[in-house]
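Structural characterization, general
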Amino acid sequence: MVGLVQDCLPIKMKQIYILNPPFIFAVIKKMMRPFMKQKLIDRICPIPKSEIGEHFESTSLPPELGGTFPGDFWEMRAAGLKLRQQSIAEFEVKAQQLLKPQA
């Protein structure tokens, strides 16, 4: 599983923040350490809720986490997904047009 995250997924993670991790998280991280690359270990950052403002702007955090984000996260996420779906549909139409044999 760790190898999949480290080497196979076509994504680039700059940081992985774990907010208020339970004590067991530190134990599991130490157990997994021999199987993980140092680069991935360095990118996993457990942070307490009191320090979240040091890592994120308050305008991007919901009020529950001490931020001032004005909108509803789930509405914003749904709008973003809808936009991506529209882009994919447009791309597929253009790709089909380009792949049609010319008569």
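Throughout what follows, the structure given in this document is the object of discussion. This structure is a prediction, so every number in the text was calculated from the model and none was measured. All residue numbers refer to position in the chain's written sequence, counted from 1. Predicted model: local features are reported for residues with pLDDT of at least 70 only, side-chain atom pairs are reported and counted for 80 or more only, and whole-chain, interface and lining totals are derived from all residues. To obtain the side-chain values, all non-hydrogen atoms of the structure were included, while hydrogens and water were left out.

What follows covers the overall build of the protein. Secondary structure elements follow DSSP: runs of H or I of four or more residues count as helices, runs of E of two or more count as strands, with numbering from the N terminus. The number of helices and strands found in the protein is five helices and two strands. Secondary structure of the protein in N-to-C order comes out as α-β-α-α-β-α-α. Buried residues are those whose accessible area, probed at 1.4 Å on protein chains only, stays under 20% of the maximum for their type, while exposed residues exceed 50% and partly exposed ones sit between those limits. Here the protein holds 103 residues, and the buried ones make up 14% of them. It only takes one pair of heavy atoms within 4.5 Å for two residues to be counted as in contact. Considering only residue pairs separated by 6 or more positions, the protein has 57% of its internal contacts joining residues 24 or more positions apart. Surface exposure of the protein reaches about 8800 Å², of which carbon and sulfur atoms provide 64%. For every accessible area listed, the method is Shrake-Rupley and the probe measures 1.4 Å; residues are considered covered only by the protein chains on display.

With a phi close to 50°, Asn20 is a non-glycine residue in the positive phi region. Within the secondary structure layout, Asn20 lies in the loop between β1 (16-19) and α2 (23-32).

Below, the discussion takes up the side chain of Lys29. As for its position among the elements, Lys29 is in helix α2. Put simply, Lys29 is tucked away with no salt bridge, and the nearest opposite charge, on Asp42, sits 7.2 Å away. Setting aside anything within four residues of it in sequence, one finds Lys29 in contact with Ile41, Ile44 and Pro46. Under the convention used here, Asp and Glu are negative, Lys and Arg are positive, and both His and the chain ends fall outside the count. For this analysis, a salt bridge means a side-chain nitrogen from Lys or Arg found within 4 Å of a carboxyl oxygen belonging to Asp or Glu.

A word on the environment of Thr68. Structurally, Thr68 is set in the loop between α4 (52-55) and α5 (73-99). When the C-alpha positions of Thr68 and Glu57 are compared, they lie 9.1 Å apart, and in sequence the two are 11 residues distant. Setting aside chain neighbours within four positions, we find Thr68 in contact with Ser58, Thr59 and Leu61.

Relative to the helices and strands, Arg43 is located in helix α3 (residues 38-43). For the buried Arg43, no salt bridge is present, and the opposite-charge side chain at shortest range is Asp42, 7.7 Å distant. Those residues in contact with Arg43 that sit more than four places away from it in its chain are Lys12, Met13, Lys14, Gln15 and Ile16.

Moving on, we get to a nonpolar patch on the surface. Patch membership needs two things, relative accessible area over 30% and no salt bridge, and members are linked within 9 Å if like-charged or within 5 Å if nonpolar (Val, Leu, Ile, Met, Phe, Trp, Tyr). A contiguous nonpolar surface patch, about 530 Å² in accessible area, is contributed by Phe23, Ile24, Val27, Ile28 and Met31. Mapped onto the elements, Ile28 comes out in helix α2. Judged by its relative accessible area of 43%, Ile28 falls in the partly exposed class.

It is worth spelling out the environment of Pro70 at this point. With respect to the helices and strands, the residue Pro70 is situated in the loop between α4 and α5. With 11 residues separating them in the primary sequence, Pro70 and Thr59 have C-alpha atoms 7.6 Å apart.

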